[in-house]
Amino acid sequence: PASLKTTLSQAEGVTSQPLELQHYIGKEGTTVTALHPAGIALIEGKRLDVVSSGEYIGKLVPVTVTAVTGNQIVVKKKDGK
């Protein structure tokens, strides 16, 4: 049987997520919809699909981007809220 012997890796310049999402890490925004755990947030004037780490976050709550995994932007409630 024939098989593909080529591997795809970051060392070869292959990425599985858009690099522009990485710049959102640490940015703050506000939820447009409730997150349970997925929804929409407004960050830097853009409506983005985001997820929480599993917890419910209500509508119009300040959030901070904590990570980008794959094509998901992960947020948490802003400290003190």
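What you see is a predicted model; the values in this text were computed from it and never measured.

Calculation rules
Residues numbered from 1 in each chain as written. Predicted model: local features only at pLDDT ≥ 70, side-chain atom pairs only at ≥ 80, totals over all residues. Heavy atoms only, no water. Pairing = 2+ DSSP bridges. Helix = DSSP H or I, 4+ residues; strand = E, 2+ residues; numbered from the N terminus. Axes fitted to C-alpha atoms, helices over the stretch in contact; angles between N-to-C directions. Buried < 20%, exposed > 50% of the residue type's maximum accessible area, 1.4 Å probe, protein only. Contact = heavy atoms within 4.5 Å. Salt bridge = Lys/Arg side-chain N within 4 Å of Asp/Glu carboxyl O.

Quick look at the sheet that holds strand E3 (residues 46-51) now. Strands sit in the order E1-E2-E3-E5-E4 around a closed barrel of 5 strands; the barrel is mixed. Across the sheet, the axes of successive neighbouring strands diverge by a mean angle of 55°, strand direction being ignored. Sheet topology note: the strand E1 (residues 28-31)/strand E4 (residues 62-69) ladder contains 3 bridges and is antiparallel. Each residue of the ladder has a partner; that of Glu28, found in E4, is Thr64.

On to the side chain of Ser52. With respect to the helices and strands, the residue Ser52 is situated in the loop between E3 and E4. Accessibility expressed as a relative area gives 6% for Ser52, which makes it buried. When near neighbours in sequence (up to four residues on either side) are disregarded, Ser52 contacts Pro37, Ile57, Val74 and Val75.

This part covers the pattern of salt bridges. All chains considered together, the criterion is met by 2 salt bridges. For Lys27, the salt bridge is made with Glu44, and the minimal N-O distance between the two is 3.4 Å. One end of the pair, Lys27, is in the segment before E1; the other, Glu44, is in the loop between strand E2 (38-43) and E3, and 17 residues separate them in sequence. Salt-bridge contacts for Glu28 lead to Lys78; the nearest nitrogen and oxygen are separated by 3.2 Å. Pair noted here: Glu28 is in strand E1 and Lys78 is in the segment after strand E5 (72-77), with a separation of 50 residues, a long-range link. Classification of Lys78 by relative accessible area gives partly exposed; the value is 28%.

Purely spatial values, then, with no claim about function.
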